[in-house]
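Here is how the chains run, residue by residue.
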Amino acid sequence: HNFGNFSVQHLLQFGTEEQRDQLAQAIVSNAETLSSSKAGDGVILAAMEHASSKDKLLLAQAVLHEPGLLVRLAQGRFGHSAVMHMLQVLDGPESLQAYMVLKDEIATLRASTRFSRVVVKYLEETTLNLDGCSREAHAMISQASPLRVFEL
């Protein structure tokens, strides 16, 4: 429902820990369906802003492992902010994977919406944490990336 998303967002922000955990699990399980609407993107963003660290990571991983979902979210009014939160939550090999997924679609993102262009700018200005990645991954990303690379 178009307005039900506001109730879910409110519960994510002000609900009990148990309510937030239950909602986060439902959002992780239904991320692909939710991302197909602007209202659903808002719910995903609220989860990335208010869920526990563990649930944020689970949601980011779920989006990352669903083909095309990260790029689709990056093009949305609220989804682009959720993607930027996801990039902050992911680290090591998953951070690299997320970056490479977005990099492969950089032309599409630049030509798409003003929201996706915000993601492109964020990628260009962000330091990528590759802690835990192999030397080969470091070399690959250093050659192909406008991002600054560091290790903890």
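For the structure itself, consult the block above.
Here the residue numbers are simple positions, counted from 1 along each chain's written sequence. Only residues with pLDDT of at least 70 get local features here, since the model is predicted, and only at 80 or more are side-chain atom pairs given and counted; chain-wide, interface and lining totals rely on the full set of residues. The side-chain values count all of the structure's non-hydrogen atoms but skip hydrogen atoms and water molecules.

(A) Broad picture of the nonpolar core. Residue types Ala, Val, Leu, Ile, Met, Phe, Trp, Tyr and Cys, when buried and joined through side-chain atoms within 4.5 Å, form a set referred to as a nonpolar core. For each residue, the accessible area found with a 1.4 Å probe, counting protein chains only, is set against the maximum for its type, and the residue is called buried under 20%, exposed over 50%, and partly exposed in between. Grouped together as the largest cluster of nonpolar side chains are 36 residues, with contacts concentrated most on Leu59, Val63, Leu70, Val83, Met86 and Leu102. Each helix is a run of DSSP H or I of at least 4 residues and each strand a run of E of at least 2, with the numbering of both proceeding from the N terminus. Among the secondary structure elements, those contributing two or more residues to this core are α2 (17-29), α4 (38-50), α5 (53-64), α6 (69-74), α7 (79-89), α8 (92-104) and α10 (114-125). Per-element accounting of this core gives the leading share, 6 residues, to α4. Leaving out residues up to four positions away in the same chain, Leu102 has contacts with Leu70, Val71, Ala74, Val83, Leu87, Leu109, Val119 and Leu123. Only heavy atoms enter the contact rule, under which two residues are in contact if any of them lie within 4.5 Å.

(B) The arrangement of α7 in detail. Buried residues of α7: Gly79, His80, Ala82, Val83, Met84, Met86 and Leu87, and no others. Of the surrounding secondary structure, the elements contacted by the buried residues of α7 are α4, α5, α6, α8 and α10.

(C) Here's a closer look at the packing of helix α1 (residues 4-14) against α2. Only the contacting stretch of a helix is used when fitting its axis, a line to C-alpha atoms as for every element, and angles between N-to-C directions run 0 to 180 degrees. Interaxial distance between α1 and α2 falls to 8 Å at its minimum, and their mutual angle equals 130°. In terms of orientation, α1 and α2 fall into the oblique class. Judged by the twist between their axes, the crossing of α1 over α2 is left-handed. Between α1 and α2, the residues in contact are Val8, Leu11 and Leu12 and Gln19, Arg20, Leu23 and Ile27, respectively. In this scheme, roughly parallel covers angles under 35 degrees and roughly antiparallel covers those over 145, while 65 to 115 is roughly perpendicular and the rest are oblique. With the far helix as reference, a near helix turned anticlockwise by less than a right angle produces a left-handed crossing, and one turned clockwise produces a right-handed crossing.

(D) Main features of a positive patch on the surface. The grouping of Lys38, Arg77, Arg114 and Arg117 at the surface amounts to a positive patch. Here Arg77 lies in the loop between α6 and α7. Owing to a relative accessible area of 44%, Arg77 belongs among the partly exposed residues under this scheme. Like charges are joined within 9 Å and nonpolar side chains (Val, Leu, Ile, Met, Phe, Trp, Tyr) within 5 Å, but only among residues with over 30% relative accessible area and no salt bridge; these make up the patches. To measure how exposed things are, a 1.4 Å probe is used in the Shrake-Rupley method; for residues, cover is taken only from the protein chains shown. Throughout this description, the term salt bridge denotes a Lys or Arg side-chain nitrogen within 4 Å of a carboxyl oxygen of Asp or Glu. None of His or the chain ends enter the tally, which takes Lys and Arg as positive and Asp and Glu as negative. In plain terms, the charge of a residue is placed at NZ if it is Lys, CZ if Arg, CG if Asp and CD if Glu.

(E) Main features of the side chain of Lys56. The topology assignment puts Lys56 in helix α5. The side chain of Lys56 sits in the buried core without any salt bridge; Glu49 is the nearest counter-charge, 8.8 Å away. Those residues in contact with Lys56 that sit more than four places away from it in its chain are Ala47, Met48, Glu49, His50, Ala51 and Val89.

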